[in-house]
Amino acid sequence: MTGTSSTLSIADMQAKARWVWEETLKIHKRSPETRVASSLSPVEIFVTLYYGGFLRQSPADPCWRGRDRCIISKGHGSLCMYPILADLGYFSADELEHVCKEGSFLGGIPDPVIPGYETVNGSLGHGVGVGAGMALGLKQRGMDQQVYVLTGDGELHEGSNWEAFMFAAQHGLDNLTVLVDNNEISMLGHTDTIVSHRSLVSKFEVFGWSAREVETGHSVAAIHAALTDCRSDRSGKPKAVVVRTRKGNQVPGLENAPLSHVTAIKQEVIDQLLGGCQ
Amino acid sequence: MNVPAIPMKAMRDTFLLSVYEAMLQDSDIFFVSADFGSPVLDKIRADRADRFINVGIAEQNLINVSAGLALEGFKVFAYAIAPFITMRCFEQIRVNLALLSEVRPMNVNLIGVGAGYSYVVSGPTHQCYEDITLMRAMPNMYVMSPADQVLAAQLPMRCLQNNGPKYIRLDAQVLPVLYGNALPSLDDGFQTHRQGEKVCLLATGYMVHTALKAAERLAAAGISVGVIDLFDLSKFDETKLNAEFSTYHGVVTMEEGFSGRGGLDAMMFDHIARHGLTLPMLNIGVTGGYRFEIGERQTLHEQVGIGVQAVVDKVSRFSQKL
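Visitor: Could you clarify how one ought to interpret the overall build of chain A in this entry?
Guide: When its secondary structure is counted, chain A shows ten helices and seven strands. Against the 2.2 N^0.38 benchmark of 19 Å for 278 residues, chain A shows a C-alpha radius of gyration of 18 Å, consistent with a compact globule. Per-residue burial over chain A gives 52% buried out of 278 residues.

What follows is the structure in structure tokens.
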């Protein structure tokens, strides 16, 4: 079994990101109980990872050993992965009609019963440590596969992440890349007003990571450049990319709203946003 | 001919020695410690440094890193003090071992040292009276609780042969040898040490030794009790255990954990109910709440109702009612 890495141009990926954004809203329209705001902030991150040539994958055999691992630690904020995985062939696009419906494997919080999901997600603060263990195991086996982990910034309030950050640096896990979907909002408000992270990049650096920031987190080109930079990084350190995003991106009333995490979008608003593209 | 005496060792060390020997043969075994050691562990650290990792005092990361290694096909032993490896990181165990192993094949073995009061002078932070309850709460967690070093040495092979998450609770002290002559059947999951007439003492871990002492005193008082070591708390042979029970009028559970809080006692209530047995039961476990007294293990045990004399008194009264 051999895998492929899907590679689109920057322009095609930006268009793909728009498509994913629309599909995510459509899923939310059918299943209003889904968490849509936190699923709109990482759209461009996922599109870049999955279509930008960074992940060797085998959708027909999702557990293929040669794959690059991608752990989606902020699981409940990854509804946008459903159209991506369907588009790549992990499962039929028909399944997108049934999110959160009886009998579907696509729930409000994704689980590893979904082809393409590596681990149990949604309970926060687990992905980095598990990813570090996988990265260590891959190194032990002499394999060159990469481990990517996506976390939210609110999730970084969990102390388990920082245990894992220290561990990964100690063991030089340079096959581990953590992407932070830094939308700066958790459930009850802006993280700065709850427990401020101050500078995440500085924190990563002090913890022994090679860290970089993407200020324009909804630009596929900017994320692509940062991930390319990570790939050529020979520092021997684990890598972090802090991506500044907007929760509820491009949805009026939702974007950057402090309580957007628990806010559903009205159906007529979704219809307006989607215009003629439904 | 005399059987050569077995050197007195902690069950931790015989267990680890078996792990060490397995690691020499099997390059898929990883050992992860949360800054917790033992003399035998020093051999693993020296001779298998490539597959020994100390994550530091970080039990959440101990579990998560172990899960990640297991996902990459390693058979993992995760090692720490019992209350910390079961309680500090309970949700990591639940999510990344119990839940995830339902979907992905994983072999992670949690080795908790310091069951019950075995860290005698360290007080309630380092003692562990809740672990059986908590680990058994997860339906796919395989829980083993040996009472001596000989049996403990057998368990690593069982761990390696069975996928899934497991918890092995080990005593921190050097205990008398129970299995110097013959090994019990690991598939049975229990071993009868003494046949009695009226009452059967069903004990696990350290309490097997208490049960044997209590049985002697009870016999001297004319009360004949049997003693069973239940060392497999998940997969023991229920039919065979029922056959043992059938000769008794009552059963007494004995655990070095809180009484009435979901431990061995709850497990046997469930067992008796599911099998429709008519078998009066007495449950001996730690009574009262958390305490801070300093003293010998036996003294502490008497204070909470699980010492030898407390057992003799309770079983005598129970026996009279049968």
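Visitor: What should I look at first to understand the packing of helix H6 (residues 159–170) of chain A against helix H3 (residues 59–71) of chain B in this one?
Guide: How two helices pack is summed up by the angle between their axes together with the distance between the axes. Where H6(A) meets H3(B), the axes come as close as 9 Å, and the angle between the chain directions of the two elements is 65°. Classified by the angle their axes make, H6(A) and H3(B) are roughly perpendicular. As H6(A) runs across H3(B), the sense of the crossing is right-handed. Along its contact with H6(A), which presents Ser160(A), Glu163(A), Ala164(A) and Phe167(A), the element H3(B) presents Gln60(B), Asn61(B), Asn64(B) and Val65(B). Residue composition of the contact of H6(A) with H3(B), by class: three nonpolar, four polar and one charged.

Visitor: Explain the interface of chain B and chain A here, please?
Guide: You'll often see interface size given as the accessible area lost when the parts meet. At the interface, 21 residues of chain B touch 20 residues of chain A. When residues of the side of chain B that touches chain A are traced back to their parent elements, those giving at least two are H3 and helix H5 (90–99) of chain B. Looking at which element gives the most residues to the side of chain B that touches chain A, the answer is H3(B), with nine residues.

Visitor: Sorry if this is basic, but what is going on with the domain arrangement of chain B here?
Guide: Residues and elements named next belong to chain B. Under the domain assignment used here, chain B contains domain 1 (11–170) and domain 2 (190–321). Just the C-alpha atoms count here: the centres of domain 1 and domain 2 sit 26 Å apart. Contacts between the two partners involve 21 residues from domain 1 and, on the opposite side, 29 residues from domain 2. Put simply, the parts of the chain that give the side of domain 1 that touches domain 2 at least two residues each are helix H6 (131–136) and strand S5 (142–144).

Visitor: What should I look at first to understand helix H4 (residues 81–88) of chain A in this one?
Guide: Each turn of an α-helix holds 3.6 residues, which means side chains three or four residues apart point in the same direction. Residue and element names in this part refer to chain A. In terms of residue burial, H4 counts as a mostly covered element, since six of its eight residues are buried. Where H4 is concerned, the buried positions are Met81, Tyr82, Pro83, Ile84, Leu85 and Ala86. Among the structural elements, helix H1 (10–30), helix H3 (43–51) and strand S1 (69–72) are those in contact with the buried residues of H4. Looking one or two residues past H4, glycine 89 carries a phi angle of roughly 100°, positive in sign.

Visitor: Explanation requested: the sheet that holds strand S7 (residues 190–194) of chain B in the structure shown.
Guide: Backbone hydrogen bonds are what pair the strands of a sheet, in a parallel or an antiparallel way. All names here are of chain B. Read from one edge of the open sheet, five strands run S7-S9-S8-S10-S11, paired in mixed fashion. The two strands at the open ends of the sheet, each matched to only one other strand, are S7 and strand S11 (281–286). For this sheet, the mean angle separating the axes of adjacent strands, direction not counted, is 20°. Of the pairings in the sheet, the one linking S7 to strand S9 (residues 225–230) comprises four bridges and is antiparallel in character. Looking across to S9, one finds that arginine 194 is bridged to valine 227. Strands strand S8 (199–203), strand S10 (250–258) and S11 of the sheet are contacted by helix H10 (residues 264–275), whose axis makes an angle of about 150° with S10.

Visitor: Would you mind going over the environment of Phe318(B) with me for this structure?
Guide: All names here are of chain B. In this fold, phenylalanine 318 is placed in helix H12 (residues 308–321). With 68 residues separating them along the chain, phenylalanine 318 and glycine 250 place their C-alpha atoms 8.4 Å apart. Setting aside residues no more than four positions away along its own chain, phenylalanine 318 makes contact with Val199, Gly250, Val252 and Leu282.

Parameters at a glance
Per chain, residue numbering runs from 1 following the sequence as it is written. The order in which chains are written sets their letters, starting at A; the order in which ligands are written sets their numbers, starting at 1. Note on the predicted model: pLDDT of at least 70 is required for a residue's local features to be given, and 80 or more for side-chain atom pairs to be given and counted; whole-chain, interface and lining totals, by contrast, use all residues. Numbering goes from the N terminus for both helices and strands, where a helix is a DSSP run of H or I of at least four residues and a strand is a run of E of at least two. C-alpha atoms define the radius of gyration in this analysis, and the globule rule sets the expected value at 2.2 Å times the number of residues to the power 0.38. Think of it as a crowd count around each C-beta: if 20 or more other C-beta atoms lie within 10 Å the residue is buried, if 12 or fewer it is exposed, and in between it is partly exposed, with C-beta placed from the backbone throughout. Each axis is a line fitted through C-alpha atoms, and for a helix only the stretch in contact is used; angles between axes span 0 to 180 degrees, taken between their N-to-C directions. For classification, angles of less than 35 degrees are called roughly parallel, those exceeding 145 degrees roughly antiparallel, those between 65 and 115 degrees roughly perpendicular, and all remaining angles oblique. Note on convention: the crossing is left-handed when the near helix lies turned anticlockwise from the far helix by less than a right angle, right-handed when the turn is clockwise. Think of it this way: build a C-beta for each residue from its backbone, and any pair within 7 Å is a contact. When residues are sorted by character, Ala, Val, Leu, Ile, Met, Phe, Trp, Tyr, Cys and Pro go into the nonpolar class, Asp, Glu, Lys and Arg into the charged class, and all the rest, Gly among them, into the polar class. Each domain's extent is set by a domain assignment, obtained either automatically or from a database. Only strands joined by at least two bridges in the DSSP assignment are considered to pair.

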